[in-house]
Each structure stands twice: as C-alpha cells, then as structure tokens.
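Each chain, written out:
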2 protein chains.
Amino acid sequence: MTYCCGILVRDGIVMIGDTRTNAGLDNISTFRKLHLFEEPGKRVMALASAGNLSVSQTVVSLLSEGIENLETGERERLTDAPTMFQAAQRVGRAVRMVHDSDSKFMENADISFDVSFLLGGQVEGRRLRLFMIYAAGNFIECTTDSPYLQIGEHKYGKPILDRAVNYETDIYDALKIGLISMDSTMRSNLAVGLPIDMAVIRRDALNIELNYRIMPGEPYFTDLRERWSAALRAAHIAIPRPPYATRPVESLPNDGIDTVLPRTGAHANAANAQLTAGQPPAKVLQQQNPKR
Amino acid sequence: MTYCCGILVRDGIVMIGDTRTNAGLDNISTFRKLHLFEEPGKRVMALASAGNLSVSQTVVSLLSEGIENLETGERERLTDAPTMFQAAQRVGRAVRMVHDSDSKFMENADISFDVSFLLGGQVEGRRLRLFMIYAAGNFIECTTDSPYLQIGEHKYGKPILDRAVNYETDIYDALKIGLISMDSTMRSNLAVGLPIDMAVIRRDALNIELNYRIMPGEPYFTDLRERWSAALRAAHIAIPRPPYATRPVESLPNDGIDTVLPRTGAHANAANAQLTAGQPPAKVLQQQNPKR
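**Q** Summarise the packing of aromatic side chains; cite the residues concerned and give the values.
**A** Residue and element names in this part refer to chain B. Evaluated as defined, the whole model comprises eight aromatic pairs over all chains. For the pair Phe-85 and Phe-139, a centre-to-centre distance of 5.7 Å together with 65° between the ring planes defines the contact as edge-to-face. Taken together, the residues span a long stretch of sequence, with Phe-85 in helix H2 (residues 84-108) and Phe-139 in strand E11 (residues 139-141) at a distance of 54 residues. We classify Phe-85 as partly exposed; its relative accessible area is 36%. Both rings, one in Phe-131 and one in Phe-139, keep their centres 5.5 Å apart while their planes meet at 90°; by these two values the pair is edge-to-face. Judged by its relative accessible area of 2%, Phe-131 is buried.

Okay, structure coming up:
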C-alpha cells in the first residue's frame with residue numbers, strides 16, 4: 001500500500017509520499033515513491049506513484065528513456081514536455097503502454113493492473129499545475145476548490161485535509177497538515193510507513209525548495225505525532241457527554257421510523273416485536289426525543 | 001453506503017448506525033439499519049446491517065420468521081437463540097440462505113453479494129457479547145483488546161476509535177466517541193448520513209437503556225460537530241510549522257535513497273537526472289537533513 005498526497009496552495013505545491021511497499025504482510029520493503037526532476041529556472045516536476053510497484057517502476061523507466069511519438073518519430077521524455085499538461089499526457093501514455101504489454105499476463109496471475117500517479121510542477125512561462133493520473137491513463141487536475149489530490153490509501157488522511165486546507169493556506173502549514181494526514185494514515189494502515197519523502201515547490205521559483213526525508217525517530221515528526229494525539233485526546237474529552245437520558249419508553253409518542261422489513265411496511269419497532277411472536281411479547285421500543 | 005459501529009466497554013455495548021441508502025448518488029433514501037430486540041430481564045439484542053439492502057432486509061426477515069433447523073425440524077428465530085453465540089450463528093445461516101437463493105442472480109446482473117452485520121446483546125445468565133458477521137456467514141467476536149467493530153464505510157471513522165476508546169471507557173463517553181467517528185465519516189462520504197440511530201445496552205441490565213435517533217439539526221450533535229471542528233482546527237494551528245529549511249542542495253552529502261528505477265540500481269536522484277539526458281543536466285537533488 002501507499003499514501004501520497006499533493007497539496008496546491010497559492011504559494012505552491014507540497015508533495016508527500018511514504019516509502020512502504022508490501023507483497024503480503026510478510027514481505028515489506030522500502031522504495032522511494034516520490035521522484036523529483038529539476039532543471040533550475042527551466043522546469044520542476046514531482047511525480048508520486050501508488051499501486052503495483054512493477055507497473056509504477058516501468059512507467060517511470062519509460063518516462064525516463066522516452067516514448068516514441070508515432071506521429072513525429074521523436075522520443076518524448078517526461079522532463080522535456082513543453083507544458084505540464086503534456087507531461088501529464090505522457091505519464092498517461094506510459095501507463096497505457098505498460099497496460100498493453102503487461103495487464104493480460106498480470107490478470108492471468110490474478111493481479112490487478114493498479115497504478116496511479118500525482119504529477120505536480122511548473123514549466124518556465126507556464127502555470128504551476130497538479131494532476132492525478134489514473135490506471136486508464138486519463139487524468140484530472142487539482143483546482144482551488146479542493147486544493148489537494150491523494151493516491152493510495154487515501155481515506156484515513158482525508159478528513160484533516162478536508163477540514164484544514166484551503167487554497168490560501170501557507171505552504172509550510174500545508175506541509176504540516178499533509179504530515180498530520182500521513183500520520184493518521186500510518187496509524188490505521190500498517191502498509192503505509194516511514195520514511196516519508198516530501199517536496200515543496202514554490203510557485204514561479206522553478207526549483208525544488210525543499211527535498212526532505214523523515215526517518216524513524218526524526219524529532220519534528222515525532223513531536224507532531226505526540227502533539228496531535230494529545231490534542232485529539234483533549235478535544236474529545238472537552239466535549240460533553242450525550243444528554244440523551246434513559247426514559248420509560250412507553251411514555252413516548254410513536255415516531256415513524258423507517259423499517260428495513262420489506263413485507264410489513266409497519267413501524268420498525270412493531271416489526272421488530274414480531275421477532276418474539278410466540279413468546280411473551282417484546283416491549284415495543286419507541287424513539288426517544290429528550291430535550292436538551 | 002453505510003456506517004455502523006459497535007463499541008464494547010466494561011459497562012456495556014453502544015451501537016450506532018446511520019440510515020442512508022443509495023442506489024447511485026441520484027437515488028438516496030432513509031432506511032433504519034439498527035434493529036433492536038428486547039424482552040426485558042430475558043434478552044436484549046441490537047443488529048446493525050451494511051451492504052446490499054435487499055440482502056440485509058431478507059436476512060432480517062428470515063431471522064424474524066425463523067429458519068428451519070434441518071436436524072431438529074424446529075423454526076429458529078434470532079430472538080429465541082439460547083445464547084448470543086447461537087444468535088450470531090443464526091445470522092450467519094440466514095446470510096448463507098440468501099446467498100444460496102440470490103447470489104447467482106445478482107452476479108448475473110453484476111451486483112456483488114455484499115452484506116455484513118454487527119450483533120450485540122446479552123441473554124439472561126450469559127455474557128454480553130458483540131459479533132461481526134461477514135457475507136460468507138462466518139463471524140468474529142469483539143474482545144477487550146480492540147473494543148469496537150465497524151461495518152460499511154469504516155475508514156474515515158476508525159482513527160478516532162483507535163485513539164480514544166478502550167475497554168475501560170465510560171459507556172456514554174464511548175457513545176460520544178462513536179458519534180465523533182460517525183461525524184468524521186459523514187463529512188467525507190456523502191453516502192453516510194443523518195438520521196443516526198443509536199442504542200446503549202448496559203451489561204447485565206437485559207434491556208435497551210437508550211434508543212435514540214438524531215435528526216438533522218439536533219442540538220447536541222450539532223454542538224458536538226462544531227466543537228470537534230473547532231478543536232481540530234485549534235490542534236493543527238497549535239503545532240509548529242516544519243523546521244525543514246531551504247538549503248543549497250549541493251552542500252549536502254549524498255544519502256542513499258532507495259530508487260524505484262529497476263535497471264540502474266543507482267541512487268534515486270542520479271537516476272532521476274537521467275531523465276534530462278540530452279539536455280543541460282538536471283541538478284541532482286540530495287536529501288536534506290537540517291537539524292532542528
């Protein structure tokens with residue numbers, strides 16, 4: 001498994017990726033999934049991958065060696081793409097080439113063709129852009145409304161991004177929130193793990209401003225994890241307990257509750273009461289509506 | 001989609017379930033997924049369902065009408081099971097009956113046979129128990145080490161349960177944490193939604209202590225959501241920004257970074273640099289290790 005996220009804010013792009021790969025839980029390795037390409041002043045790109053490692057590696061190799069353009073006869077590499085849009089198209093074409101060559105054999109072995117990429121960066125004179133490329137080679141672009149994209153195990157780390165990031169967020173705050181998102185993912189999915197690679201690409205700077213790997217025990221990330229845990233604990237403790245009181249159910253009005261029992265159409269609790277037919281009748285439970 | 005969770009603490013069991021069903025995003029309905037059965041002083045059960053609604057409804061109907069035991073000839077209903085273990089077995093048998101009768105036809109229509117249940121409760125003279133029953137009819141039991149079980153869209157709501165609940169948690173704190181877990185799920189997955197049904201079953205009380213439905217706008221839950229949001233916001237703001245400084249990359253030592261490029265075996269950044277072969281060489285990026 002993998003977790004990578006890319007965050008696009010006014011100041012630039014943050015890319016974060018873990019490094020854990022697994023072929024079963026008994027075969028865990030470390031592979032870099034975040035690839036950085038920089039020609040200062042000319043172009044800067046960050047490519048993060050998730051999915052089957054053989055597929056993502058082959059895609060990266062194809063993008064490195066270049067793919068022949070059948071119309072022009074030229075070999076097109078990722079990094080000589082004239083725009084980020086065309087760079088994303090090249091990633092998609094490489095994915096489709098690997099699909100054409102490998103997917104049947106993988107399916108025969110019951111392995112699904114599963115890969116996805118985040119591609120962020122900027123070419124001189126062009127906009128900073130962030131894309132997500134799917135296993136079919138099609139892709140979407142990140143916009144200011146939802147200023148992040150995720151690949152791999154995205155669910156555990158999504159709530160904090162939804163709540164905390166917007167397009168105006170400071171770029172190092174975005175990095176921090178991305179690390180909290182990574183922490184949430186690592187806590188719940190063992191297949192996502194340290195080291196964590198990250199990159200910061202500032203808009204119009206046309207270089208990699210930060211290229212850093214967090215190793216186990218790294219002080220800032222350790223402190224972030226502890227602070228976040230303590231804050232969550234304090235947060236739920238500070239919320240009052242539910243005020244829903246125990247009440248004699250008979251005294252309450254019969255609210256219409258939808259039932260899943262298809263043939264009765266009756267009130268759910270009446271329907272439930274049928275389950276004890278032939279026995280002393282079960283007490284019919286009503287919905288309680290205590291006032292706060 | 002659905003999200004239901006059951007939490008087992010020393011004081012008892014909390015069960016929470018949403019009510020949203022959808023057949024595509026353009027066809028959303030409300031169905032009760034949390035079914036309560038009570039014969040005070042004798043037995044109490046809560047059954048929550050996730051998955052294909054036709055399957056879960058049919059299972060509940062079979063458990064209501066009773067399934068013939070081929071050995072004894074008796075019709076066995078969920079609520080006359082002599083123990084919770086046997087009640088869980090009955091749910092499993094009902095799931096298998098529906099699988100036998102419906103799964104082929106569903107597969108022909110490209111619909112997967114997808115269902116799961118949480119069953120919690122207690123029979124007089126027996127232990128309070130909480131089970132999760134799978135689509136194959138097999139099941140697991142909740143224990144004190146990980147004192148909760150989830151069905152449906154479980155990932156968004158899992159981090160808070162992992163962090164905040166243990167077996168000694170007060171039962172109404174467990175209910176509160178379950179509601180935070182539900183809130184996290186609803187924020188990230190539109191297919192989980194209000195109203196929310198909940199039940200509290202106190203150990204050895206043999207009744208439903210609380211049976212409550214949260215409707216949209218309900219004051220306590222609205223307040224809980226706002227407090228949780230504000231606390232998360234405060235929590236991430238209180239964490240310092242990453243100290244990883246921008247540094248001239250040339251001055252740093254060449255750290256060994258694993259590469260996904262299969263044929264070179266070389267340093268990732270050296271390999272990345274190949275991508276610009278034939279052009280002015282890209283600057284080789286090194287890992288930065290600033291001290292805090």
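So much for the structure itself; the text now carries on.
**Q** For H2 of chain B, give the residues involved together with the corresponding values.
**A** Residue and element names in this part refer to chain B. Its 25 residues place the ends of H2 35 Å apart at the C-alpha level, agreeing with the 36 Å of an ideal helix rising 1.5 Å per residue. Residue Asp-102 marks the point of greatest curvature in H2, where the axis turns by about 50°. Those residues of H2 that fall on the buried side of the exposure criterion are Met-84, Ala-87, Ala-88, Arg-90, Val-91, Gly-92, Ala-94, Val-95, Val-98, Ser-103 and Met-106. Of the residues trailing H2, Asp-110 is marked for its positive phi of about 60°.

**Q** How would you explain empty space enclosed by the protein if you had to name every residue and give the values?
**A** Enumeration over the complete set of coordinates arrives at three cavities of 30 Å³ or more. Approximately 190 Å³ is the volume attributed to the largest cavity. Around the largest cavity sit 14 residues that line it, and Pro-159 and Leu-232 of chain A together with Pro-159, Ser-184 and Leu-232 of chain B are the ones nearest its centre. Secondary structure elements with two or more residues in the lining of the largest cavity: helix H3 (158-164) and helix H5 (219-238) of chain A together with helix H3 (158-164) and helix H5 (219-238) of chain B.

**Q** Explain the packing of helix H1 (residues 53-65) of chain A against helix H2 (residues 84-108) of chain A residue by residue, including any values.
**A** Residues and elements named next belong to chain A. For the pair H1 and H2, the least separation of the axes is 9 Å and the interaxial angle reads 135°. Between H1 and H2, the crossing angle belongs to the class labelled oblique. Considering the relative orientation of H1 and H2, their crossing is right-handed. Residues Val-55, Thr-58, Val-59, Leu-62 and Leu-63 of H1 form the contact with H2, whose participating residues are Arg-90, Val-91, Ala-94, Val-95, Met-97, Val-98 and Met-106. When the residues that make up the contact of H1 with H2 are grouped by side-chain class, the tally is 10 nonpolar, one polar and one charged.

Conventions and cut-offs
Residues numbered from 1 in each chain as written. Chains lettered and ligands numbered in written order. Predicted model: local features only at pLDDT ≥ 70, side-chain atom pairs only at ≥ 80, totals over all residues. Heavy atoms only, no water. Phe/Tyr/Trp six-rings, centres within 6.5 Å; stacked < 30°, edge-to-face > 60°. Helix = DSSP H or I, 4+ residues; strand = E, 2+ residues; numbered from the N terminus. Buried < 20%, exposed > 50% of the residue type's maximum accessible area, 1.4 Å probe, protein only. Expected span 1.5 Å × (residues − 1). Bend = angle between axes of the 7 residues up to and from the residue. 1 Å grid on protein atoms, 1.4 Å probe; cavity = no way out; pocket = protein on both sides within 12 Å on 5 of 7 lines; lining within 4 Å. Points joined across faces, edges and corners; volume = space filled by probe spheres on them. Axes fitted to C-alpha atoms, helices over the stretch in contact; angles between N-to-C directions. Parallel < 35°, antiparallel > 145°, perpendicular 65-115°, else oblique. Left-handed = near helix turned anticlockwise from the far one by under 90°. Contact = heavy atoms within 4.5 Å. Nonpolar A, V, L, I, M, F, W, Y, C, P; charged D, E, K, R; others polar.

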